[in-house]
Amino acid sequence: MRLVTRGDLDGVTSAVLITTMENINSIELIHPQDITDKKFEITGNDIMANLPYHPKCAMWFDHHELTASNLKPPKGFKGRHAIAPSVARVIYEYYSSEKLRKFEHLVRETDRFDSANLTVEDITDPKEEILLGFTIDSRSGIGRFKEYFRDLVEWLKTMSIKEILSKPEVMERTNLLRENNAAFLKVLKENSSKDGNVVFTDFRSLDRVPVGNRFLIYTLFPDTNVSVRAQWGPEKKFVAVTLGHNIFNRTSRSNCGHICSDFGGGGHKGAGACPLKPEKADKQIKEIIGILKKAG
Ligand SMILES: [Mn+2]
């Protein structure tokens, strides 16, 4: 059978578990939007994990809330849906098999990573599974992403995390991650300011924003509880605005997804994004920051 999942740590761990329990001969990585937009063909030969439901699949596992934009599974579908920190957790509990017991720690760390239940040190100096999680990023610019994903699945089944982290393919990525984060930290410091409980980062003066850890901002501004970031979309056609709750100070009463949907975007409570028309961006960003300050 084929496993269809997402290219992140939760996808890797899910693949480790499912390939241990089922006869899987290929893995395909897709974006959840591909299912919503019906851009990817699913057949009765597919097991899906961490993606919206598709009626043709043989088995389905997910841990996201069911939304109006996706189909809902019928009662008695094969697989499991539960609100959990990771889909790996849902799969681990579905099988409850002795064969999976050795992956208990990996599943626990995947829970922490996927639900952003992280410490400051996990961001500034990540280690072991958390560090590995940050290397699974298709934006890193290093090619052969699918091969890397498949390699990790095989390695996690047979090697220790220490051995995996010393593989040249992994080291190349962890080194680049450190360089990128150092460059990102510099521009974050130069372009961010605090306004009450909100930290605003304005990257519109930069033509290219370095790739970096999206949680770094909260290590710089620990006494804010929500962040707003503005940067140019492709060809400067729109301003991409992203909102996020501070993962170290979860006191914001705002709903980022609701706020963003009022400005033409979307998301969930803890994070959201919206594309703004460049000529309206300044005014609308002020409005958004005002809403976040009022929510407290
Ligand atoms: Mn997930």
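Being a predicted model, the structure only gives us computed values, none of them experimental.

Each value, and the rule that gives it
- Residues numbered from 1 in each chain as written.
- Predicted model: local features only at pLDDT ≥ 70, side-chain atom pairs only at ≥ 80, totals over all residues.
- Heavy atoms only, no water.
- Domains from an automatic or database assignment.
- Contact = heavy atoms within 4.5 Å.
- Buried area = accessible area lost by both parts, 1.4 Å probe.
- Salt bridge = Lys/Arg side-chain N within 4 Å of Asp/Glu carboxyl O.
- Helix = DSSP H or I, 4+ residues; strand = E, 2+ residues; numbered from the N terminus.
- Nonpolar A, V, L, I, M, F, W, Y, C, P; charged D, E, K, R; others polar.
- Core = buried A, V, L, I, M, F, W, Y, C linked by side-chain atoms within 4.5 Å.
- Buried < 20%, exposed > 50% of the residue type's maximum accessible area, 1.4 Å probe, protein only.
- Pairing = 2+ DSSP bridges.
- Axes fitted to C-alpha atoms, helices over the stretch in contact; angles between N-to-C directions.

### With respect to the domain arrangement of the protein
Next, step 1: Each assigned domain of the protein is listed with its residue range as follows: domain 1 (2–166) and domain 2 (187–295).
Next, step 2: Summarising the inter-unit geometry, the C-alpha centres of domain 1 and domain 2 are found 28 Å apart.
Next, step 3: Residue-level contacts link 11 residues of domain 1 with 9 residues of domain 2.
Next, step 4: Of the roughly 750 Å² buried at the junction of domain 1 and domain 2 (both faces included), carbon and sulfur atoms supply 69%.
Next, step 5: Where domain 1 touches domain 2, the interface holds 0 salt bridges.
Next, step 6: With 3 residues, helix α5 (residues 120–124) is the single largest residue contributor to the side of domain 1 that touches domain 2.
Next, step 7: Residues belonging to the side of domain 1 that touches domain 2 are distributed by class as follows: 5 nonpolar, 4 polar and 2 charged.

### Details of the nonpolar core
Soluble globular proteins: nonpolar side chains tend toward being buried together.
Next, step 1: Of all hydrophobic cores here, the largest spans 58 residues; its most connected members are Phe61, Leu132 and Leu152.
Next, step 2: Here this core takes 7 residues from helix α7 (residues 145–158), the largest share from any one element.
Next, step 3: For this core, the domains that each give at least three residues are domain 1 (2–166) and domain 2 (187–295).
Next, step 4: If near-sequence neighbours (up to four positions away) are discounted, Leu152 is found in contact with Val12, Leu132, Ile136, Ile164 and Val170.
Next, step 5: Core analysis: the second largest hydrophobic core is formed by 19 residues, Val226, Val228, Cys256 and Ile285 among them.

### Focus: the sheet that holds strand β9 (residues 239–245)
Next, step 1: On the basis of which strands lie adjacent, the open sheet formed by 6 strands has the order β6-β7-β8-β9-β11-β10 and mixed pairing. The open sheet has two edge strands, β6 (192–195) and β10 (266–268), and neither has a second partner. Adjacent strand axes in the sheet meet at a mean angle of 15 degrees, parallel and antiparallel pairs treated alike.
Next, step 2: This element, helix α9 (residues 168–191), spans β6, β7 (198–202) and β8 (226–232) of the sheet and lies at about 45 degrees to β6.

### A closer look at the pairing of strand β11 (residues 271–276)
In regular strands, side chains alternate between the two faces of the sheet.
Next, step 1: Alternating positions in β11 separate cleanly, Gly272, Cys274 and Leu276 being buried on one face and Ala271, Ala273 and Pro275 remaining unburied on the opposite face.
Next, step 2: For β9 and β11, the ladder comprises 6 bridges, and the chain directions are antiparallel. Among the inter-strand pairings, Leu243 is bridged to a residue of β11, identified as Gly272.
Next, step 3: Examined bridge by bridge, β10 and β11 share 3 bridges and lie antiparallel to one another. Counted as the bridge partner of Gly266 is Ala273 from β11.
Next, step 4: In textbook terms, the turn of a hairpin is the stretch between consecutive antiparallel strands, and for β10 and β11 this stretch comprises 2 residues.

### Comments concerning the sheet that holds strand β1 (residues 2–5)
Next, step 1: The strand order across the open sheet formed by 5 strands is β2-β1-β3-β4-β5, and the pairing between neighbours is parallel. Strands at the two margins of the open sheet, each flanked by one partner only, are β2 (26–29) and β5 (79–81). Strand-to-strand twist of the sheet, defined as the mean angle between neighbouring strand axes without regard to direction, takes the value 20 degrees.
Next, step 2: Note that strand β3 (residues 46–49) and strand β4 (residues 59–62) share 3 bridges and pair parallel. Each residue of the ladder has a partner; that of Ala49, found in β4, is Phe61.
Next, step 3: Sheet contacts for α7: β1 and β2; angle to β2, the most-contacted strand, approximately 130 degrees.

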